[in-house]
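Summary of structural features
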Amino acid sequence: MKQSKSTRRRGIVLTIAGLKRLQAAILAMEKVQNNGERFTLEDLGDRMSVSTKTLNRLWSLNTGVDQKTLKLCFSAFNLELQREDYSILSEPNNSESRSYLLSLDTEEKKISPLLSLDSFATQHHNQLENLWSYPDGPVALDSPFYVERPPIEELVYREIIQPGCVIRIRAPREMGKSSLVLRLLAFAQMQGYRPVNLNCKQIDANCLTDLNKLLRSFCWQIATELGIDPKLDENWHEEIGCKLSCSLYLQSYLLKQSQSPVVLVLNDVDRFFEYPQIAEEFFGLLRSWYEEARQDTNLQKLRLVVVYSTEVYVSLDINRSPFNIGLPIRLPEFTEHQVEYLAQRHGLDWTSSKQVTQLMSLVGGHPALIRIALYYLCCQGITLEELIQEAMANGGIYRYHLWRHWAILQENSNLVKAYVEVMTAKQSISLNPIYAHKLESLGLITYEGDRILPRCELYRSYFKKQLCVPEFEYESLQKRA
């Protein structure tokens, strides 16, 4: 069958073995031809005769490219593409892609082109392990179930190679922030950068009331992640103040020892919002590093990624805030097309939009809720109609997800009152900003113009029932479950 000239065929992805082989060849050539300096993304694209966008797809280990492109990339570094260097990326519902994939290698010619669960098990053992694992936490790098949300991935890949950059990733819980950070760090490591991934929820409470303790803990963690002996006492000078000590420690001790850029990820910085005085000082320090990086070559090695769930609701000087600089990224919900694609990756033959529309009428495009539904549909023998009916009646497969949110609401009576207002409002309402931000960070509300609404029909239906029972106790419900 003759293929349209406008159709690009992308059907294979790098394996870990192929990635390591290509990376080793790139490093070797950098030493010989570039005095050990890293090639930029543009340099690599010129050498391989491919666009930087295609390279970003290649490094993602998740989005397919065609075999000709992969051969170009390997041959540019004197490598011959081997069968173990790539794997087949199945694309159900695309007969041209299927026939193309099956012609890549004679070994694949006996594989059934249909993505039924049986053939899925036969062809993709590793993917099957992902399928049978309950979807909780970030999507693994080698998982077939990561869904890109263009142009977000390309934007962060481009930005992270900029000296002294700041990337701000904001989205409610379970919307895919950790999965995106995982891929950003993998891409950074491909560039030879050194990753430091810190979770602010792990900071001791006593550090959040003492700036000196906080900054020493912060520096110790970075040094340890980089494999550097912290030597804090030798490089910390109380007489000049803890903020200046922290900056000098970072610039003159840590970054000076690193030949490569350092990607510092700060997850869940929302935690600082509960401590306004600490937040003002700490966030002001982050902002100062960004500004000083324009002249300081050591600070240019620092690439900062700030991850949070809600808008900043503490009062910060606009000139000292890190939340109005750098590249802002806000993760949206999945579109209908993305939900259909993910369903196909799970082996579901959702060729019409009917099933997608039905599921999204319940949970919208919420990534975690979509993944949970597809897991049960594939692995637990439940139909979509049964899933929706049970979810609307008593929470169904989302029961534990809903209980977790309900437990958080019950800890704060003012938060419960605020959500009652959202549920009962017939028109736009004005909520206390702190409660609105907390509800948004939980993913329980969304904004539509000037209106605040429950994020999806599942939340509206479930919490409306619960909030009508004022003496409802989460503990008693747990005992009955």
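Residues numbered from 1 in each chain as written. Predicted model: local features only at pLDDT ≥ 70, side-chain atom pairs only at ≥ 80, totals over all residues. Heavy atoms only, no water.

1. Looking at the nonpolar core
For soluble globular proteins, the rule of thumb is that nonpolar side chains tend to be buried together. Ranked by internal contacts, the top residues of the largest apolar core, which has 52 residues, are Tyr-398, Tyr-419, Leu-458 and Phe-463. Secondary structure elements with two or more residues in this core: helix 14 (336–345), helix 15 (354–363), helix 16 (367–379), helix 17 (384–394), helix 18 (399–410), helix 19 (413–424), helix 20 (433–442) and helix 21 (457–467). Of all the elements, helix 16 adds the most residues to this core, at 9 residues. Ranked by size, the runner-up nonpolar core spans 51 residues in total, among them Phe-39, Ile-88, Leu-180 and Tyr-193. (Core = buried A, V, L, I, M, F, W, Y, C linked by side-chain atoms within 4.5 Å. Buried < 20%, exposed > 50% of the residue type's maximum accessible area, 1.4 Å probe, protein only. Helix = DSSP H or I, 4+ residues; strand = E, 2+ residues; numbered from the N terminus.)

2. Thoughts on the confidence of the model for the chain
For the chain, mean pLDDT is 84; residues scoring 70 or higher make up 85% of the total. Overall, residues 1–9 carries pLDDT values under 50, and its contacts beyond four positions in sequence, including any with other chains, amount to 10 contacts. Predicted confidence for residues 469–481 stays below pLDDT 50, and this span has 11 contacts to residues more than four positions away or in other chains. (pLDDT = per-residue confidence, 0-100. Contact = heavy atoms within 4.5 Å.)

3. Examining unusual backbone geometry
That bond from Pro-150 to Pro-151 is cis: its omega, 5°, falls within 30 degrees of zero. By the secondary structure assignment, Pro-151 is in the loop between helix 7 (125–132) and helix 8 (152–160). Not every positive phi belongs to a glycine, and Asp-268 is a case in point at roughly 55°. Tracing the backbone through its elements, the reader meets Asp-268 in the loop between strand 5 (262–267) and helix 13 (276–292).

4. Regarding the pairing of strand 8 (residues 445–448)
Direction of pairing for strand 8 relative to strand 9 (residues 451–454): antiparallel, over a ladder of 4 bridges. Paired with Tyr-447 across the bridge in strand 9 is Ile-452. As consecutive antiparallel partners, strand 8 and strand 9 are separated by 2 residues, and within that stretch Gly-449 has a phi angle of approximately 65°, a positive value. (Pairing = 2+ DSSP bridges.)

5. Notes on the environment of Glu-159
Tracing the backbone shows Glu-159 in helix 8. Note: C-alpha distance between Glu-159 and Gly-326 (167 residues apart in sequence) is 8.9 Å. Residue contacts for Glu-159: discarding those within four places in its chain leaves Cys-165, Val-166, Ile-167 and Leu-327.

6. Notes on helix 9 (residues 177–190)
Along its 14 residues, helix 9 runs 20 Å from first to last C-alpha, staying within 8% of the 20 Å computed at 1.5 Å per residue. Of all the 14 residues making up helix 9, 10 are buried; the element is thus mostly covered by neighbouring parts of the structure. Of the residues making up helix 9, those classed as buried are Lys-177, Ser-179, Leu-180, Val-181, Arg-183, Leu-184, Leu-185, Phe-187, Ala-188 and Met-190. Following helix 9 by one or two positions, Gly-192 has its phi on the positive side, about 90°. (Expected span 1.5 Å × (residues − 1).)

7. Things to note about the packing of aromatic side chains
All chains considered together, the criterion is met by 20 aromatic pairs. Ring centres of Phe-218 and Phe-282 lie 5.4 Å apart, and the angle between their planes is 90°; on these two criteria the pair is classed as edge-to-face. With Phe-218 in helix 10 (residues 211–225) and Phe-282 in helix 13, the pair connects residues that are 64 residues apart, well separated along the chain. Like Phe-282, Phe-218 is buried. Taking 5.7 Å as the distance between ring centres and 80° as the angle between the ring planes, the aromatic pair formed by Phe-272 and Phe-283 counts as edge-to-face. Within this pair, whereas Phe-272 is found in the loop between strand 5 and helix 13, its partner Phe-283 is found in helix 13, the two being separated by 11 residues in sequence. Through successive ring pairs, a cluster of aromatic residues spans Phe-218, Phe-272, Phe-273, Phe-282, Phe-283, Trp-289, Tyr-308 and Phe-323. The lysine or arginine in question, Arg-183, covers the ring of Tyr-146, its NZ or CZ lying 3.7 Å from the ring centre. (Phe/Tyr/Trp six-rings, centres within 6.5 Å; stacked < 30°, edge-to-face > 60°. Lys NZ or Arg CZ within 6 Å of the ring centre and 35° of its normal.)

8. Here we look at the sheet that holds strand 6 (residues 302–308)
The 5 strands lie next to each other as 4-5-6-3-7, forming an open sheet whose pairing is parallel. With one partner strand each, in any of the chains shown, strand 4 (194–199) and strand 7 (327–330) form the two edges of the open sheet. Across the sheet, the mean angle from the axis of one strand to that of its neighbour is 15°, orientation sign disregarded. The pairing of strand 3 (residues 166–170) with strand 7 spans 4 bridges and is classified as parallel. Following the sheet pairing, Ile-169 is matched in strand 7 by Ile-329. (Axes fitted to C-alpha atoms, helices over the stretch in contact; angles between N-to-C directions.)

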